[in-house]
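Chain by chain, the residues run as shown.
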Amino acid sequence: MRKRVIFITGASGEVGQALLKELSQQAENQLLTMDLHPLPLELRSLSTHVEGDLLNLRLLARLVSEYEIDVIYHLAALLSTRAEIQPEEAHQVNVEATLQLLKIAAEESQWRKRAVQFIFPSSIAAYGLPDRETKMHFQRVREFEWNQPRTMYGCNKLYCEQLGSYFSRYYRQLAAEQPPTIDFRCVRFPGLISAYTVPSGGTSDYAPEMIHAAAQGLPYACFVREEARIPFMVMPDAVRALLLLAHAPRERLTRQVYNVTSFSLSAAQIRDRVLAAFPNAQITFAPDVKREAIVDSWPADIDDSAARMDWDWSPEYDVDRAFNEYLIPIIKQRYQPG
Ligand code: SER
């Protein structure tokens, strides 16, 4: 008998760590995690962890032979800045590995005669506004608008949204036997900020970097100008969004890809909030025009009314709560000397 598990890829990443902590609260959840990197020490008891590459098909085949996968949270990805530096590697990880996992989910679904659930985080990077004027004009963007990403990561995410949707509806549509179906569900996240971890390789990273640097007494030069604005969300809400969507009754879902967001801030507004908490913080602005152009192509805000309507999404942390009750107190404590 294979062991039934929830499978989390990219488990050592920011979202992965937070999701793993949350899912492990429920004793009945058997968790299988995978990442190129080991889990942090304090999380190692929470799952069976496989250190390895998703592109290693033999390893994936071995996992499928040992485990019956109920749900896949496919979080592994190279983020937008890193993907510009290594576009082919990004395509392999972000697209080819996703394709392999979708295939596994489809085969498992057919074997069990029950759809494997495939939860996929996409991103505001799936949008691409052509210039700042257009961004000013279209303030809250809906899922189907401006899907012309200008980054490799954005293209990868947008395509995998489509691929997931294809696998759930049409995969092997010409085969004689009943085609396998999967239950594909996807959220488009804004920039994410965690109190516990700092991202690497993203382009919304200036926000978490600014806060974590200030708490450590380190100077920070922000790589976008003061007016640059995108939506953000804190990590507990990101995890909640994934779990709410996973648990939503399927018949209530009117789409497969949903925007979710919490608050939208300019870089200057983030600086002001950081200064209010850390008055000695040394924050300057030294825009990197290329990374800034990527941020400028992302919407200033996104419309998440479909998620609110279909699965009762609403963030628990608005901007005040996010800073006053989550980010600042936890980050302060984290870097306290001694
Ligand atoms: N945080 C991601 C990035 O910066 C965007 O979703 O790449």
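For the structure, see preceding data.
Residues numbered from 1 in each chain as written. Predicted model: local features only at pLDDT ≥ 70, side-chain atom pairs only at ≥ 80, totals over all residues. Heavy atoms only, no water.

A look at the packing of aromatic side chains
On inspection of all chains with the given rule, the structure shows 12 aromatic pairs. Taken together, the ring pairs connect Phe118, Phe120 and Phe184 into an aromatic cluster. A cation over an aromatic ring shows up here: Lys332 above the ring of Phe278, its NZ or CZ 5.6 Å from the ring centre. (Phe/Tyr/Trp six-rings, centres within 6.5 Å; stacked < 30°, edge-to-face > 60°. Lys NZ or Arg CZ within 6 Å of the ring centre and 35° of its normal.)

Here we look at the pattern of salt bridges
Where side chains of opposite charge bring their charged atoms close, a pairing between them can arise. On inspection of all chains with the given rule, the structure shows 24 salt bridges. Residue Arg4 is joined to Asp70 by a salt bridge in which the shortest nitrogen-to-oxygen separation is 2.9 Å. Taken as a pair, Arg4 in strand β1 (residues 3-9) and Asp70 in strand β4 (residues 67-74) lie far apart in primary sequence, 66 residues in all. Put simply, Arg132 and Glu292 hold a salt bridge, and the shortest N to O gap is 3.3 Å. Highlighted residues: Arg132 in helix α5 (residues 132-137) and Glu292 in helix α10 (residues 289-297), separated in sequence by 160 residues. Salt bridges sharing partners connect three or more residues here, namely Arg132, Arg225, Glu227, Glu292 and Asp296. (Salt bridge = Lys/Arg side-chain N within 4 Å of Asp/Glu carboxyl O. Helix = DSSP H or I, 4+ residues; strand = E, 2+ residues; numbered from the N terminus.)

Some points on the sheet that holds strand β5 (residues 117-123)
As summarised here, the arrangement of the seven strands in space is β3-β2-β1-β4-β5-β7-β11, forming an open sheet in which the pairing is parallel. The open sheet has two edge strands with one neighbour each: β3 (48-51) and β11 (257-259). Within the sheet, the average angular offset between the axes of one strand and its neighbour, ignoring direction, is 25 degrees. Where β5 meets strand β7 (residues 183-189), seven bridges bridge the pair, whose relative direction is parallel. Bridge assignment links Phe120 to a residue of β7, and that residue is Cys186. Those strands touched by helix α1 (residues 14-23) are β1, β2 (31-35) and β4, and its axis lies near 150 degrees from that of β1. Lying over the sheet, helix α4 (residues 87-112) contacts β1, β4, β5 and β7, oriented at roughly 140 degrees with respect to β4. (Pairing = 2+ DSSP bridges. Axes fitted to C-alpha atoms, helices over the stretch in contact; angles between N-to-C directions. Contact = heavy atoms within 4.5 Å.)

Details of the site of the ligand
For the ligand, the full set of nearby residues is Leu79, Ser80, Ser123, Tyr153, Gly202, Thr203, Ser204 and Trp298. In this structure, Ser123 approaches the ligand through a side-chain N or O atom, which is 2.6 Å from an oxygen atom. Between Ser204 and the ligand, the recorded distance is 2.9 Å, taken from a side-chain N or O atom to a nitrogen atom. Within the complex, the protein chains bury 93% of what would otherwise be the 230 Å² of accessible surface of the ligand. Split into classes, the residues belonging to the shell around the ligand amount to three nonpolar, five polar and no charged. (Near = heavy atom within 4 Å. Polar contact = N/O pair within 3.5 Å; in protein donor to acceptor, adjacent residues only side chain to side chain. Areas by Shrake-Rupley, 256 points an atom, 1.4 Å probe, with all protein chains shown as cover. Nonpolar A, V, L, I, M, F, W, Y, C, P; charged D, E, K, R; others polar.)

Observations concerning helix α8 (residues 235-247)
Counted at 1.5 Å a residue, the expected span for α8 with its 13 residues is 18 Å, and the 18 Å between its end C-alpha atoms agrees. Every buried residue of α8 is listed here: Met235, Asp237, Ala238, Val239, Ala241, Leu242, Leu243, Leu245 and Ala246. (Expected span 1.5 Å × (residues − 1). Buried < 20%, exposed > 50% of the residue type's maximum accessible area, 1.4 Å probe, protein only.)

Re the sheet that holds strand β8 (residues 191-193)
Here we have three strands laid out as an open sheet, ordered β8-β10-β12, and mixed in their pairing. Here the strands that pair on one side only, and so sit at the sheet edges, are β8 and β12 (263-266). Averaged over all pairs of adjacent strands, the angle between strand axes in this sheet comes to 45 degrees, irrespective of strand direction. With three bridges joining them, β8 and strand β10 (residues 229-234) adopt parallel strand pairing. The residue of β10 that forms the bridge with Gly191 is Phe232. Where helix α9 (residues 267-277) meets the sheet, it contacts β10 and β12, and its direction lies at approximately 90 degrees from that of β12. The sheet contacts of helix α12 (residues 319-334) involve β8, β10 and β12, and relative to β12 the element is tilted by about 85 degrees.

What about unusual backbone geometry?
Excluding glycine, residues mostly carry a negative phi; peptide bonds, for their part, are mostly trans. In the Ramachandran plot, Lys113 falls in the positive-phi region, its phi being about 60 degrees despite a non-glycine side chain. Tracing the backbone shows Lys113 in the loop between α4 and β5. Although it is not a glycine, Arg172 sits at a positive phi angle of roughly 55 degrees. With respect to the helices and strands, the residue Arg172 is situated in the loop between α6 (152-169) and β7. Assessed through its relative accessible area of 31%, Arg172 is described here as partly exposed.

What about the side chain of Thr203?
Inspection of the secondary structure puts Thr203 in the loop between β8 and α7 (206-215). Using a relative accessible area of 1% as the deciding quantity, one classes Thr203 as buried. At 2.8 Å, the side chain of Thr203 forms a polar contact with the side chain of Thr81. When near neighbours in sequence (up to four residues on either side) are disregarded, Thr203 contacts Ser80, Thr81, Phe223, Arg291, Ile294, Val295 and Trp298.

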